[in-house]
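Summary of structural features
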Amino acid sequence: MTDEKLVQLLSPEGERVSHPDYTSSLQHDEIFAMYRDMVIVRRLCNEATSLQRQGQLALWAPAQGQEGAQIGAGRAMQPMDFSFPSYREHGVGWCRGVPPEDMLRIFRGVTNGGWDPQKYRHNLSTIVLGNQTLHAVGYAMGVQRDGADEAVLTFFGDGASSQGDVLESFVWAASFDAPVVFFCQNNQFGISTPSSVQSKVPLYRRAAGFGFPGIRVDGNDVLAVYEVTKRALDAARSGGGPTLIEAYTYRMGAHTTSDDPTRYRIDAEVEVWHHRDPIERVKSLLVHEYNVRKPQFEVIDAEADELALKLRSDVLAMGKPEPLTMFDNVYTDVHPLIEEGRRDLVELGFGPGGDL
Amino acid sequence: MATTTMTMAAALNEGLRRAMEKNPKVLLMGEDIGKLGGVFRITDGLQKDFGEERVIDAPLAESAIVGTSVGLAMRGYRTVVEIQFDGFVYPAFDQIVSQVAKLHKRSDGAYKMALVIRIPFQGGIGAIEHHSESPEAYFAHTAGLRVVSCSTPNDAYWMIQQAIEHDDPIVFFEPKSRYWEKGEVDLDAPPQGLFESAVRREGTDVTLLAYGAMVKTCLRAAEVAEGEGTSVAVIDVRSLSPLDYGPMVASVEKTGRFAVVQESVKTASIGSELVAELQQRCFYSLRGPGMRVSSYDIPYPPSRVEDEFRPSVDRVLDAIDQLMGFEQ
């Protein structure tokens, strides 16, 4: 990691780092707000893991360790920008205003979506790796045609960087100068496959081959991620075309609750990354530079606990959907096979007022 | 009634033009569709008249052509995608099946995947490999998609416009071997709904069901059979998903005998579905089993032998003879 240029504005110890091209524009209250975001998102994420362990969720994909990358990127967006996540961007969803319980609905098995993507300008989770990057570019081509002052931000991981769709989306974005920013969270693993197997060159350098800028940022430095993403989005919005951002980070937890990372990585490595925690370094900055004291941090911890409790009760209240709703919105218009299926379930007693 | 005679290729071109004039949100995207007008010239002149922003010459990657059309649909655009040849749609298969077909449902109706995926399909033009396939069953098998095919210039003109106006994603199969055949086009009113089958010829002994290029093959077979004293009905299936059984059931109940004639291979085909469903619906009227006249279950062969591979008039007549040979 140290051989490569990497934008960093805050060291793992929480000390300011100067950079020739970037300076942090964030004020105390904004940094404090991002700290709050990260603490809450981690707390909610841990609650979701507990819920899965207790059999209340089918699966959970933890984002622990990646809060700096996600909150930095999410906060860099303008309200009218549009984000296209993969499936681990809970922090971005939080920044876009998606209710946390809605992000868990898919994992509860009550929907394949969860929220209205147009209301929050944050697309639904895309589980097939890399598919969303093409949607983002297409959406950005629509923005161009509308002459709108908007940018598009799409997320994927080091694992998805091997997918044809991601590489095709680079081609399209470059050819059409689309107002899109590619945000790759290099969390070092695609389940068990190390990042080094996905790419022989640092991922951000791929952009050069496609004809647009690539930049590597310390993904655990929320201040740096914010500045780098904001500048890339501004460039996209003002006709500067795409940028690839590689946020160099680490997935502290498992790929999902079905994964066992002890089979493929060593404790010593995890330990190294513990010292680079994205939350701790901001806390240290807040203490040393802004004199934030324990009670103020405790207020946030209490708020996070409260939100976690609410999340838990919201999830537990999500019951089995009415079976007949499975036929809704498959098509926009009448369809004989939908009518046939619905009729069949009703006859079997699964309809409203049925026996079952 | 204003009618004019034109080829299917010209009818598609006119239909696209009319849809683009009507709605500024309609875009075209595909390989070589702009300056060149497409390898079959279906989009000839459209980029000149509507500009490069609306008729998009795409880099050569089918998944991206469909994938970016999904993003455009999320923003309210209605993209008509041209897949250059049937055998080149597979790189886009993931986007079509995993995203195009499912996003309306996944978003609880928030997104409309109003895009049309045009695919020139079937063989008969002496082409090299990957240029003559019939992949329609893959798409008909996927819930969330609608699949249609035109067989006449009039249908081509109207069905492409109806497909563009519809809010569901539609895979639109064009029989490339019929692109240059002429027919009457009624410029005033569509002949019928997009998802309806059509009786092309009435008959009392045997019902033939076909779509795309095989409709004409069946009509020729029906003429020959008539000369031999057998009355054959021909139904153009038109909508491969959903299937419109009304006219089919009516005809099969009358004739008691039916065969599906298709250029695709037999196994797990549109014909398989039609035979299963019609046998169930028409069971008490049947005087023999439903039959399938298909291409053989092998990869599309070198074109010098494609006439022996695809159903011919003779093979259709054979099926008619077999059907007439079943005794009660």
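Residues numbered from 1 in each chain as written. Chains lettered and ligands numbered in written order. Predicted model: local features only at pLDDT ≥ 70, side-chain atom pairs only at ≥ 80, totals over all residues.

Observations concerning the overall build of chain A
Short version of the rule: Secondary structure counts use DSSP, requiring at least four H or I residues in a row for a helix and at least two E residues in a row for a strand, with both numbered from the N terminus. Each radius of gyration is computed over the set of C-alpha atoms, and the globule rule expresses the reference value as 2.2 Å times the number of residues to the power 0.38. Put simply, a residue is buried when 20 or more other C-beta atoms lie within 10 Å of its own C-beta and exposed when 12 or fewer do; between those, it is partly exposed, and each C-beta is set from the backbone. Working definition of a contact: two residues with C-beta atoms, positioned from the backbone, lying within 7 Å.
Summing up its helical and strand segments, chain A has 14 helices and seven strands in all. For chain A, whose C-alpha radius of gyration is 21 Å, the value lies close to the compact-globule estimate of 21 Å for 356 residues. Taking the principal axes of the C-alpha coordinates as reference, chain A spans close to 70 × 50 × 40 Å. Classification of the 356 residues of chain A by burial places 47% in the buried group. Within chain A, counting contacts between residues at least 6 apart in sequence, those at least 24 apart form 74% of the total.

Describing the overall build of chain B
Within chain B one finds twelve helices and 14 strands. Against the compact-globule benchmark of 20 Å for 328 residues, chain B has a radius of gyration of 20 Å, which places it among compact chains. Taken along its principal axes, the extent of the C-alpha atoms in chain B is 60 × 45 × 40 Å. Relative to its full complement of 328 residues, chain B shows a buried share of 57%. Within chain B, contacts between residues separated by at least 24 positions form 80% of all contacts whose residues are at least 6 apart in sequence.

So, the sheet that holds strand 7 (residues 170-175) of chain B
All names here are of chain B. Threshold: Note: two strands are recorded as paired if DSSP finds a minimum of 2 bridges between them. To define axes, lines are fitted to C-alpha atoms, for helices over the stretch in contact only, and angles between the resulting N-to-C directions are given on a 0 to 180 degree scale.
Reading across from one edge, 3-2-4-5-7-6-12 is the order of the seven strands in this open sheet, with mixed pairing throughout. Where the open sheet ends on each side, the last strands, each with one partner, are strand 3 (55-57) and strand 12 (239-241). Adjacent strand axes in the sheet meet at a mean angle of 20°, parallel and antiparallel pairs treated alike. Strand direction decides the pairing type here: strand 2 (residues 26-30) and strand 4 (residues 78-82), joined by five bridges, are parallel. Each bridged residue has a counterpart across the sheet, and for Leu-27 the counterpart in strand 4 is Thr-79. Helix-sheet contacts for helix 7 (residues 153-165) involve strand 2, strand 4, strand 5 (116-121), strand 6 (146-149) and strand 7, and the interaxial angle to strand 7 is about 165°.

Observations regarding the interface of chain A and chain B
The line we're drawing: Residues are sorted three ways: Asp, Glu, Lys and Arg are charged, Ala, Val, Leu, Ile, Met, Phe, Trp, Tyr, Cys and Pro are nonpolar, and all the rest, Gly among them, are polar.
Taken together, the 32 residues of chain A in the interface contact 31 residues of chain B. Of all the secondary structure elements, the ones that give two or more residues to the side of chain A that touches chain B are helix 5 (117-120), helix 6 (131-146), helix 7 (164-176) and helix 14 (336-347) of chain A. Along the lines of polarity and charge, the residues of the side of chain A that touches chain B split into 14 nonpolar, 13 polar and five charged.

What to know about the domain arrangement of chain B
All names here are of chain B. Applicable threshold: What marks off one domain from the next here is an automatic or database domain assignment.
Looking at the assigned domains, one finds that chain B contains domain 1 (3-186) and domain 2 (198-325). The C-alpha centroid of domain 2 is placed 26 Å from the C-alpha centroid of domain 1. In this assembly, 24 residues from domain 1 lie in contact with 19 residues from domain 2. Secondary structure elements with two or more residues in the side of domain 1 that touches domain 2: helix 6 (136-140), strand 6 and strand 7. Of all the elements, strand 6 adds the most residues to the side of domain 1 that touches domain 2, at four residues. Looking at the side of domain 1 that touches domain 2 residue by residue, the classes come out as nine nonpolar, nine polar and six charged.

A short note on the packing of helix 9 (residues 245-255) of chain B against helix 10 (residues 270-281) of chain B
All names here are of chain B. Rules: Roughly parallel here means an angle under 35 degrees, roughly antiparallel means over 145, roughly perpendicular means 65 to 115, and every remaining angle is called oblique. Crossing handedness is defined as follows: a turn of the near helix away from the far one that is anticlockwise and smaller than a right angle gives a left-handed crossing, while the clockwise case is right-handed.
Across the interface, helix 9 lies against helix 10 with an axial gap of 10 Å and an inter-helix angle of 60°. Judged by the inter-axis angle, helix 9 sits oblique to helix 10. Relative to helix 10, the crossing made by helix 9 is right-handed. On helix 10, the residues touching Tyr-245, Met-248, Val-249 and Val-252 of helix 9 are Glu-277, Leu-278 and Arg-281.

Remarks on the packing of helix 6 of chain A against helix 3 (residues 62-74) of chain B
Across the interface, helix 6 of chain A lies against helix 3 of chain B with an axial gap of 6 Å and an inter-helix angle of 55°. On the basis of their axis angle, the class for helix 6 of chain A and helix 3 of chain B is oblique. Both helix 6 of chain A and helix 3 of chain B take part in a crossing whose hand is right-handed. Within the contact between the two elements, helix 6 of chain A uses Asn-131, Leu-134, His-135, Ala-136, Val-137, Gly-138, Tyr-139, Met-141 and Gly-142 of chain A and helix 3 of chain B uses Ser-63, Ala-64, Gly-67, Thr-68, Ser-69, Val-70, Gly-71, Leu-72 and Met-74 of chain B. In the contact of helix 6 of chain A with helix 3 of chain B, the residues fall into nine nonpolar, nine polar and no charged.

What to know about the domain arrangement of chain A
When cut into domains, chain A gives domain 1 (28-321) and domain 2 (323-356). Taken over C-alpha atoms, the centre of domain 1 of chain A sits 37 Å from the centre of domain 2 of chain A.

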